[in-house]
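Residues per chain, in single letters:
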Amino acid sequence: MASYGVRRVAGLRREEVAVLAGVNVDYYTRLEQGRERHPSPQVLDALSRALHLDTEAGAHLHRLAGAASNHRPVQQRNVVSPALRQLMDGYPNTPAFVLNRTLDILATNALADALYSPFNPADNLACMTFLDPAGRDFSTHWDWTAQATVATLRHAAGIDPDNPRLNALIGTLTERSAAFLTLWQAHTVRGKTQDAKQLNHPDVGPLTLTYQAFDVRDAPGQQLVIYHAEPGSSNAEALSLLGAINAIRRRQHETRTHRTNDLALAQKVGVRPQTELTGTAHSRAADVPPPEDTLTNTGRPAVRPERPRHDFRHPRTASAPGH
């Protein structure tokens, strides 16, 4: 479309959008100002084409106009079923976790725990990206990760705009992260993609992982996400190493926990722990006098004759000390 005059701001004028969509300029003006609240699906499709919206953004436009569905979304559940947890644990060599629409991490398997170990806490992907200091180092392409995260939340807002958890999360991120606020105001919409994740883990270094996301049929709003490394690749070896490191740390943590519990139980019942008894026995042993044959009649330790020292040098070396 030919452009006329000086544009004070970027983007199309109202008249241009109306011409491209094939609708009356006055009707489009009322629609933009909120005076027309019931556009038909055909008008919304025309506007989507005029604005070059992709599939996700076009569906979001329909939802905002109330043309996508007449019923409210089912309230999401934040409890992961035992069967799904067992399924996740059946993937010991790949990270698996469950998300809800607001990107809360609801459940993880052992390798997902290891993958997200740099974060404290590892409870929400958006907070981990924008609020945790580890976020920028963890994502190799942080700018792209940030954009995708905000677009996913914008998509969730179109599905369930009255979700209190989502609104509270957006409020927190807007208040505490200028980067989030800038991206949120861009109104980009995108569902979860299958783009490869390029990560940098402090324990194993760079990782490039693909992933798949599956909707949980009996829990609307939940998604099972499974990361994957190409078999036999350096990424697969790094994941295997990460799993081994995590297993060692878990065993060490369990050992410390058991010792702490034993000590607390012993103190509760008034019994001295075995380690304490062992330490006391060693300390008492230092107070026991030596046998009589090691003492003189004065009660002082007898001086034993010095044992001859053996020369373990090679015979040639021993015979020629000057060399």
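Worth saying up front: this structure is predicted, and the values here are computed from it rather than measured. (Residues numbered from 1 in each chain as written. Predicted model: local features only at pLDDT ≥ 70, side-chain atom pairs only at ≥ 80, totals over all residues. Heavy atoms only, no water.)

**Student:** Quick question: what am I supposed to make of the overall build of the protein here?
**Tutor:** The secondary structure content of the protein amounts to 14 helices and five strands. A buried classification covers 33% of the 323 residues belonging to the protein. Contacts spanning at least 24 positions in sequence make up 48% of the contacts within the protein whose residues lie at least 6 apart. For the protein, the exposed surface amounts to about 21400 Å²; the carbon and sulfur share of it is 53%. (Helix = DSSP H or I, 4+ residues; strand = E, 2+ residues; numbered from the N terminus. Buried < 20%, exposed > 50% of the residue type's maximum accessible area, 1.4 Å probe, protein only. Contact = heavy atoms within 4.5 Å. Areas by Shrake-Rupley, 256 points an atom, 1.4 Å probe, with all protein chains shown as cover.)

**Student:** It is not clear to me how the packing of aromatic side chains should be interpreted in this structure. Could you clarify?
**Tutor:** Aromatic ring pairs are reported here in terms of the distance separating the ring centres and the angle at which the planes meet. Evaluated as defined, the whole model comprises nine aromatic pairs. Arranged with centres 5.9 Å apart and planes meeting at 45°, the rings of Tyr116 and Phe138 form a pair that is tilted. Taken together, the residues span a long stretch of sequence, with Tyr116 in the loop between α6 (110-115) and α7 (125-130) and Phe138 in helix α8 (residues 134-138) at a distance of 22 residues. Its relative accessible area of 5% is what places Phe138 among the buried residues. Judged by centre distance (5.7 Å) and plane angle (75°), the rings of Phe130 and Trp142 are edge-to-face. Linking Phe130 in helix α7 with Trp142 in helix α9 (residues 142-159), this pair joins segments that are twelve residues apart in sequence. On the accessibility criterion, Trp142 (10% relative accessible area) is buried. Members of the aromatic cluster, connected to one another through ring pairs, are Phe97, Tyr116, Phe119, Phe138, Tyr211 and Tyr227. (Phe/Tyr/Trp six-rings, centres within 6.5 Å; stacked < 30°, edge-to-face > 60°.)

**Student:** Could you clarify how one ought to interpret helix α10 (residues 164-176) in this entry?
**Tutor:** Because each turn of an α-helix spans 3.6 residues, side chains separated by three or four positions in sequence point in the same direction. With 13 residues, α10 should cover 18 Å at 1.5 Å per step; its first-to-last C-alpha distance of 18 Å lies within 8% of that length. For α10, the set of buried residues is Leu166, Leu169, Ile170 and Leu173. For α10, the arc enclosing every buried residue in end-on projection is 95°, short of the 170-degree limit, so these residues lie on one face. The outward face of α10, more than 90 degrees from its buried face, is lined by the exposed residues Pro164, Glu175 and Arg176. Buried residues along α10 sit in contact with α7, α9 and α11 (178-184). Regarding α10, its N-cap is Asn163, as a side-chain oxygen of that residue lies 2.9 Å from the backbone nitrogen of Arg165 further along. (Expected span 1.5 Å × (residues − 1). Arc of directions from axis to C-beta. Polar contact = N/O pair within 3.5 Å; in protein donor to acceptor, adjacent residues only side chain to side chain.)

**Student:** Mind showing me how you'd approach the pairing of strand β5 (residues 223-228) here?
**Tutor:** Along a regular strand, successive side chains alternate from one face of the sheet to the other. As paired strands, strand β1 (residues 96-99) and β5 are joined by four bridges and run antiparallel to one another. Each bridged residue has a counterpart across the sheet, and for Val98 the counterpart in β5 is Leu224. As paired elements, strand β4 (residues 205-215) and β5 share six bridges and run antiparallel to each other. The residue bridging Asp215 from the neighbouring strand is Gln223, located in β5. (Pairing = 2+ DSSP bridges.)

**Student:** When you look at the confidence of the model for the protein in this model, what are you seeing that I'm missing?
**Tutor:** In this model, the protein carries a mean pLDDT of 80, and residues with pLDDT of at least 70 account for 75%. Taken element by element, the predicted model of the protein shows its lowest mean pLDDT in helix α14 (residues 315-319) (45) and its highest in α7 (98). A low-confidence stretch, residues 280-288 stays under pLDDT 50, and its non-local contacts, those more than four residues away or across chains, total one contact. In the model, residues 307-323 has pLDDT below 50 throughout and makes two contacts with residues more than four positions away in sequence or in other chains. (pLDDT = per-residue confidence, 0-100.)

**Student:** Any chance you could explain the pattern of salt bridges here in plain terms?
**Tutor:** Opposite charge on two side chains allows them to pair when their charged atoms are near. If you walk through the whole model with that rule in mind, you get three salt bridges. Measuring nitrogen to oxygen at the nearest pair gives 2.5 Å for the salt bridge that ties Asp26 to Arg30. Here Arg30 and Asp26 lie together in helix α2 (residues 25-33), a separation of four residues that amounts to about one turn. Put simply, Asp203 and Arg249 hold a salt bridge, and the shortest N to O gap is 2.9 Å. Of the two residues, Asp203 is situated in the loop between β3 (197-201) and β4 and Arg249 in helix α12 (residues 234-269); the sequence distance between them amounts to 46 residues. (Salt bridge = Lys/Arg side-chain N within 4 Å of Asp/Glu carboxyl O.)

**Student:** Which parts of the structure should I look at to understand the environment of Thr108?
**Tutor:** Counting through the fold element by element, Thr108 comes out in strand β2 (residues 105-108). The spatial distance from the C-alpha of Thr108 to the C-alpha of Val98 is 6.6 Å, given a sequence separation of ten residues. Excluding residues that lie within four positions of it along the chain, Thr108 makes contacts with Met88, Ala96, Phe97 and Asp113.

**Student:** Explanation requested: unusual backbone geometry in the structure shown.
**Tutor:** Excluding glycine, a negative phi dihedral is what most residues carry, and trans is how most peptide bonds are arranged. That bond from Asn120 to Pro121 is cis: its omega, 0°, falls within 30 degrees of zero. With a phi angle near 65°, Leu103 is a residue other than glycine that sits in the positive phi range. Residue position: Leu103 is located in the loop between β1 and β2.

**Student:** Would you mind going over the nonpolar core with me for this structure?
**Tutor:** Taken as a class, soluble globular proteins show a tendency for nonpolar side chains to be buried jointly. Within the largest apolar cluster, 40 residues are counted, with the highest numbers of intra-cluster contacts made by Tyr116 and Leu153. At six residues, α9 tops the list of elements feeding residues into this core. The residues contacting Leu153, other than those within four sequence positions of it, are Arg101, Thr102, Leu103, Ala126, Leu166, Leu169, Leu173, Phe180 and Trp184. (Core = buried A, V, L, I, M, F, W, Y, C linked by side-chain atoms within 4.5 Å.)

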